[in-house]
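# Structure at a glance
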Amino acid sequence: MIISILSDKKVKVLESFYTLIRNNNTIPCFLSNEGILTSEVWCSNNILTYIDKFDSSNITWHFRKILTELKLSVEYYHNARLEYKFVHFFDYGHFEGSAMDWHDHVNAEDYVFIIYLNDCTDGETIFDKNELVKLIPSKGLTVYFDSKVPHCAAYSKNKKILVGGLKIINGV
């Protein structure tokens, strides 16, 4: 597990792109309460599918740059070439808050990252790495972890996160 902090400038880019996605009626988003969520949350569809709609936007260029830097960090740490499988925004506070049950990403990708877009006093992410590790949401906090690691999210009334999944395409 790698934990780092994004600069305020990068977090502002992510927040701006989140706002761009939220305010764009042509980008499919959904309110999900299926499966591992305890109640409805707002979630963007896979941003990678729709990012080209914003090619002329300066904020999109910066968003892509941040995703590239994140991927390069994980590639370096794991000595592997990776590709993105998905990138989603989640807003737990869209209605009255939500939580996420225990799950992993082992069947979809090899590595996952979570970037917290705001500070919260609730909604910690809990990882089961032979003992429980709890992260309290803090703006800019970024965690990368192996997709096999079970994790859950405690109830939050206002947590906003960016989540991405990366798949190994070959060793370096």
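Note: the structure precedes this text.
Residues numbered from 1 in each chain as written. Predicted model: local features only at pLDDT ≥ 70, side-chain atom pairs only at ≥ 80, totals over all residues. Heavy atoms only, no water.

Residue asparagine 79 is not a glycine yet carries a positive backbone phi of 50 degrees. Relative to the assigned elements, asparagine 79 resides in the loop between helix H3 (58–78) and strand S4 (80–91). Under the relative-accessibility criterion, asparagine 79 is labelled partly exposed at 48%. (Helix = DSSP H or I, 4+ residues; strand = E, 2+ residues; numbered from the N terminus. Buried < 20%, exposed > 50% of the residue type's maximum accessible area, 1.4 Å probe, protein only.)

We now examine the side chain of histidine 105. Along the polypeptide, histidine 105 turns up in the loop between strand S5 (98–103) and strand S6 (111–116). On the basis of relative accessible area, histidine 105 is assigned to the buried category, the value being 15%. Those residues in contact with histidine 105 that sit more than four places away from it in its chain are Phe86, Val112, Ser147 and His151. (Contact = heavy atoms within 4.5 Å.)

Moving on to the packing of aromatic side chains. Applying the stated rule across the entire model yields 6 aromatic pairs. Taking the centre distance of 6.2 Å and the plane angle of 35 degrees together, the rings of phenylalanine 63 and phenylalanine 89 count as tilted. Here phenylalanine 63 is found in helix H3, whereas its partner phenylalanine 89 is found in strand S4, with 26 residues between them in sequence. Take phenylalanine 63 and phenylalanine 89: they sit in the same class, and that class is buried. Look at phenylalanine 127 and phenylalanine 145: their rings are 4.9 Å apart centre to centre, the planes differ by 70 degrees, and that puts the pair in the edge-to-face class. Taken together, the residues span a long stretch of sequence, with phenylalanine 127 in strand S7 (residues 125–128) and phenylalanine 145 in strand S9 (residues 141–146) at a distance of 18 residues. You'll find phenylalanine 127 and phenylalanine 145 in the same group, each marked buried. Within the aromatic cluster, the residues linked to one another by ring pairs are Phe17, Tyr18, Phe63 and Phe89. A cation over a ring is seen here: lysine 159 above tyrosine 92, with NZ or CZ 4.5 Å from the ring centre. (Phe/Tyr/Trp six-rings, centres within 6.5 Å; stacked < 30°, edge-to-face > 60°. Lys NZ or Arg CZ within 6 Å of the ring centre and 35° of its normal.)

Let us now look at H3. In this model H3 runs 31 Å from its N-terminal to its C-terminal C-alpha over 21 residues, within 8% of the 30 Å that 1.5 Å per residue would give. What H3 keeps buried is the set Thr60, Phe63, Ile66, Leu67, Leu70, Lys71, Val74 and Glu75. Backbone geometry just downstream of H3 places asparagine 79 in the positive-phi region, at approximately 50 degrees. (Expected span 1.5 Å × (residues − 1).)

Reading across from one edge, S5-S10-S7-S8 is the order of the 4 strands in this open sheet, with antiparallel pairing throughout. Each of the sheet's edge strands pairs with one partner strand only, and the pair in question is S5 and strand S8 (132–135). Pairs of neighbouring strands in the sheet enclose a mean axial angle of 20 degrees, with direction left out of account. Where S5 and strand S10 (residues 151–156) come together, 3 bridges link them in antiparallel fashion. Bridging from a neighbouring strand, methionine 100 pairs with alanine 153 of S10. (Pairing = 2+ DSSP bridges. Axes fitted to C-alpha atoms, helices over the stretch in contact; angles between N-to-C directions.)

The quantities given are spatial measurements derived from coordinates; they are silent on function.
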